[in-house]
Amino acid sequence: MVKVTAPATTANIGPGFDTLGLALKLYNEYTFEEIDKGLIIEGCPDIYKNKKNLVYRSFVAAAEKLGKKVDGLKISMKLNIPVSRGLGSSSACIVGGVFGANALYKGRLTRDEMYELAVMLEGHPDNISPCIYGGLTASLIENEKPYAIRYDISNKLKFCALIPDFKTSTHEARKILPKTIDFQDAVFNLSRVAVLLKALETGDMEMIRIALKDKLHQQYRGSLIHEWDEVKAICVKGGSQAIFISGSGPTIMNITKDERFPVRIKEGMSRLKHNWEIKMLETDNTGAKVEIL
Ligand code: HSE
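Residues numbered from 1 in each chain as written. Predicted model: local features only at pLDDT ≥ 70, side-chain atom pairs only at ≥ 80, totals over all residues. Heavy atoms only, no water.

1. Considering the pattern of salt bridges
Thinking step 1. A complete count under the given rule lists 14 salt bridges for this structure.
Thinking step 2. In this structure, Lys 198 engages Glu 201 in a salt bridge whose closest nitrogen and oxygen atoms are separated by 3.4 Å. Within this pair, Lys 198 and its partner Glu 201 are both found in helix α6 (residues 183–202), separated by three residues, close to a single helical turn.
Thinking step 3. A relative accessible area of 48% means that Lys 198 is categorised as partly exposed.
Thinking step 4. Put simply, Asp 258 and Arg 264 hold a salt bridge, and the shortest N to O gap is 2.7 Å.
Thinking step 5. What makes Asp 258 partly exposed here is its relative accessible area of 24%. (Salt bridge = Lys/Arg side-chain N within 4 Å of Asp/Glu carboxyl O. Helix = DSSP H or I, 4+ residues; strand = E, 2+ residues; numbered from the N terminus. Buried < 20%, exposed > 50% of the residue type's maximum accessible area, 1.4 Å probe, protein only.)

The following block contains the structure:
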């Protein structure tokens, strides 16, 4: 029996569309056990208890790479990462399945090989990279091969996630984006990504605030997030100016050094129409972990 622990992730981080990502101390756990025959899935809603399950499909993909046929498998899950909220739950499922197969079948896939497979299954690398390597990552794809690099991040920075009671679809959130962008907007974003990475390392809140701005995706996606303007206004009033859409949303993330920030926004957030969970999170620096039980 093996257990994989995979962290939540927040992708894009303002200007770093499809590039930047960060692992957070919020985890899903997946336990895998060989059984005689068939598939048993526990710990998730009934609609996911079948062969279409993303953890299972990712497990099978890794098993195929190892030349193993999956005859009987039991998967038990402890899910803490909210689904379809822009916190990397699908990346965690994929990483869980891929790492689980490699560990259960005593495979020899390296972390980098599993990374390649996981990115192929997910389609883009910005959540998978921090989920596997931990910390703050920048990713790119060259000739269909993904590469990730880690950056240091100040441990004084905390991430306050505002997680609503509604979902958004990444597919819809990508469809809404323009096909081409203005040259000046490209410069606006790439200058900010470069500055942001250093500012996140030093923890310079003023530079983080300026460098978090972006012109590639958030202005379009705001329309898919109910109460986006109201939430931003409450955060600003509560003292945060470092706000971004986590991944493709709808979670709204604040970067702050103020432990009391959740208290400052609690009342304002509670007056909104939707229910928004306020969750303070720290950076996970380890990435996915495997235990042999
Ligand atoms: N970079 C992706 C996007 C993350 O913003 O569409 C979503 O998984």
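Continuing now.
2. Overview of the site of the ligand
Thinking step 1. In the vicinity of the ligand, the residues found are Asn 12, Phe 17, Asp 18, His 124, Asp 126, Asn 127, Thr 170, Arg 174, Arg 221, Gly 247 and Ser 248.
Thinking step 2. Within the side chain of Asp 126, a nitrogen or oxygen atom sits 2.5 Å from a nitrogen atom of the ligand.
Thinking step 3. A distance of 2.7 Å separates an oxygen atom of the ligand from a polar side-chain atom of Arg 221.
Thinking step 4. Notes on the ligand: free accessible area 260 Å², of which the protein chains cover 94%.
Thinking step 5. Residues of the shell around the ligand, tallied by class, amount to one nonpolar, six polar and four charged. (Near = heavy atom within 4 Å. Polar contact = N/O pair within 3.5 Å; in protein donor to acceptor, adjacent residues only side chain to side chain. Areas by Shrake-Rupley, 256 points an atom, 1.4 Å probe, with all protein chains shown as cover. Nonpolar A, V, L, I, M, F, W, Y, C, P; charged D, E, K, R; others polar.)

3. Comments concerning the packing of helix α2 (residues 89–104) against helix α3 (residues 111–122)
Thinking step 1. Two elements in contact, α2 and α3, have axes separated by 10 Å at closest approach and are oriented at 135°. Considering their axes alone, α2 and α3 lie oblique with respect to each other. Crossing of α2 over α3 shows right-handed handedness. Of the residues in α3, those touching α2 at Ser 90, Ser 91, Ile 94, Val 95, Val 98, Phe 99 and Asn 102 are Arg 111, Met 114, Leu 117, Ala 118, Leu 121 and Glu 122. (Axes fitted to C-alpha atoms, helices over the stretch in contact; angles between N-to-C directions. Parallel < 35°, antiparallel > 145°, perpendicular 65-115°, else oblique. Left-handed = near helix turned anticlockwise from the far one by under 90°. Contact = heavy atoms within 4.5 Å.)

4. Some remarks on the domain arrangement of the protein
Thinking step 1. Under the domain assignment used here, the protein contains domain 1 (2–151 + 284–292) and domain 2 (158–281).
Thinking step 2. Taking only C-alpha atoms, the centre of domain 1 and the centre of domain 2 are 25 Å apart.
Thinking step 3. Contact with domain 1, which involves 24 residues of that partner, is made by 34 residues of domain 2.
Thinking step 4. Of all residues in domain 1, the largest losses of buried area upon contact with domain 2 belong to Pro 15, Phe 17 and Arg 85, amounting jointly to 30% of the total for that side.
Thinking step 5. Asp 18 is the partner of Arg 174 in a salt bridge, and the nearest nitrogen-oxygen pair spans 2.6 Å.
Thinking step 6. Those elements that place two or more of their residues in the side of domain 1 that touches domain 2 are β1 (2–11) and β2 (20–34).
Thinking step 7. At five residues, the largest contribution of residues to the side of domain 1 that touches domain 2 is made by β2.
Thinking step 8. Looking at the side of domain 1 that touches domain 2, its residues break down into 13 nonpolar, eight polar and three charged. (Domains from an automatic or database assignment. Buried area = accessible area lost by both parts, 1.4 Å probe.)

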